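Results of the structural survey
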Amino acid sequence: MIDWTWLGGHLDAIAFRTWQHVYLAGLGVAIGFAISFVLALVAARYRILYPPISALAGFLFTIPSLALFAALISITGFSVVTAEVPLVMYTLVILIRNIVAGLDGVPTDVVEAADGMGHSRRQRLWRVELPLALPLIVAGLRLATVSTIGLVTITGTISDAFGGLGYFILDGYHRGNFLTEMYAGAVPSILLALGADFLFVRLQRRITPWTRARAIEATP
């Protein structure tokens, strides 16, 4: 049964925790993308570096989140940094591989045509390669964002101060499986993930209209 009285009295807290959840997830994805973008460009240019970069990102992804949070507390304390470091780490393997795959997917003849037009390597990257790699890059951001929104719920195990919606799930559990409070954390988290997924799908369609045109042309 849902305790509607409890929900009505905690709307402000739910709104605050939802905003906090979005902030933590957004910051983690933003920092992760910035790091991944640089590493992916280096890996795409110097292919010998891609295997170790990809392997390191994959190794970081395999570290259990709860164990990592607990280990960081002794170093960074009960702070936002403790929450953000794992969130950033878990985005790297997704984003690096998608960015590199997107750049690798640019047709060779297009690259040669850009060179023939006198583009420098930097101009070719920003004007030709990255725009064509956008579908896979946005797909990586979409997956990383949805995954990070789910991981933010675990930060509630570190501190009540920055637990996001996971605070309600954990607190409800400690109060003897108080389902109303647990739902207050779980349902908005699911809705945030679905909403983020929907927005990235719309964004991908808007910034890459040529992919829709190709799909229509390929339809028999």
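Scroll up to find the structure.
The structure reproduced in this document is the subject of the present report. (Residues numbered from 1 in each chain as written. Predicted model: local features only at pLDDT ≥ 70, side-chain atom pairs only at ≥ 80, totals over all residues. Heavy atoms only, no water.)

1. Overview of the packing of helix 4 (residues 65–76) against helix 5 (residues 80–104)
Remark: helix 4 packs on helix 5, axes separated minimally by 9 Å, with the N-to-C direction vectors making an angle of 135°. Comparing the axis directions of helix 4 and helix 5 gives the class oblique. The crossing of helix 4 and helix 5 is right-handed. Residues Ser65, Leu68, Phe69, Leu72, Ile73 and Thr76 of helix 4 touch helix 5, and the partners they reach there are Val81, Thr82, Ala83, Val85, Pro86, Met89 and Tyr90. For the contact of helix 4 with helix 5, the class distribution of residues is ten nonpolar, three polar and no charged. (Axes fitted to C-alpha atoms, helices over the stretch in contact; angles between N-to-C directions. Helix = DSSP H or I, 4+ residues; strand = E, 2+ residues; numbered from the N terminus. Parallel < 35°, antiparallel > 145°, perpendicular 65-115°, else oblique. Left-handed = near helix turned anticlockwise from the far one by under 90°. Contact = heavy atoms within 4.5 Å. Nonpolar A, V, L, I, M, F, W, Y, C, P; charged D, E, K, R; others polar.)

2. So, a nonpolar patch on the surface
On the surface, Ile2, Trp4, Leu179, Tyr183, Val187, Ile190, Leu191 and Leu194 cluster together into a nonpolar patch covering about 820 Å² of accessible area. When residues of the nonpolar patch are assigned to their parent elements, the largest contribution, six residues, is made by helix 9 (residues 179–207). Relative to the helices and strands, Ile190 resides in helix 9. (Patch = residues over 30% accessible without salt bridge, like charges linked within 9 Å, V, L, I, M, F, W, Y side chains within 5 Å. Areas by Shrake-Rupley, 256 points an atom, 1.4 Å probe, with all protein chains shown as cover. Salt bridge = Lys/Arg side-chain N within 4 Å of Asp/Glu carboxyl O.)

3. Considerations on the pattern of salt bridges
If the charged atoms of two oppositely charged side chains come close together, the side chains can form a pair. Counted according to the given criterion, the structure contains four salt bridges. Note that Asp104 is salt-bridged to Arg47, the shortest N-O span being 2.9 Å. In this pair, Asp104 sits in helix 5 while Arg47 sits in the loop between helix 2 (11–45) and helix 3 (50–62), placing the two residues 57 residues apart along the sequence. Judged by relative accessible area, Asp104 falls into the partly exposed class, the value being 45%. For Arg47, a relative accessible area of 39% puts it in the partly exposed group. One salt bridge connects Arg142 with Asp197, and the closest N-O pair in it is separated by 2.5 Å. Taken as a pair, Arg142 in helix 7 (residues 121–152) and Asp197 in helix 9 lie far apart in primary sequence, 55 residues in all. According to the relative accessible area criterion, Asp197 is partly exposed, its value standing at 25%. (Buried < 20%, exposed > 50% of the residue type's maximum accessible area, 1.4 Å probe, protein only.)

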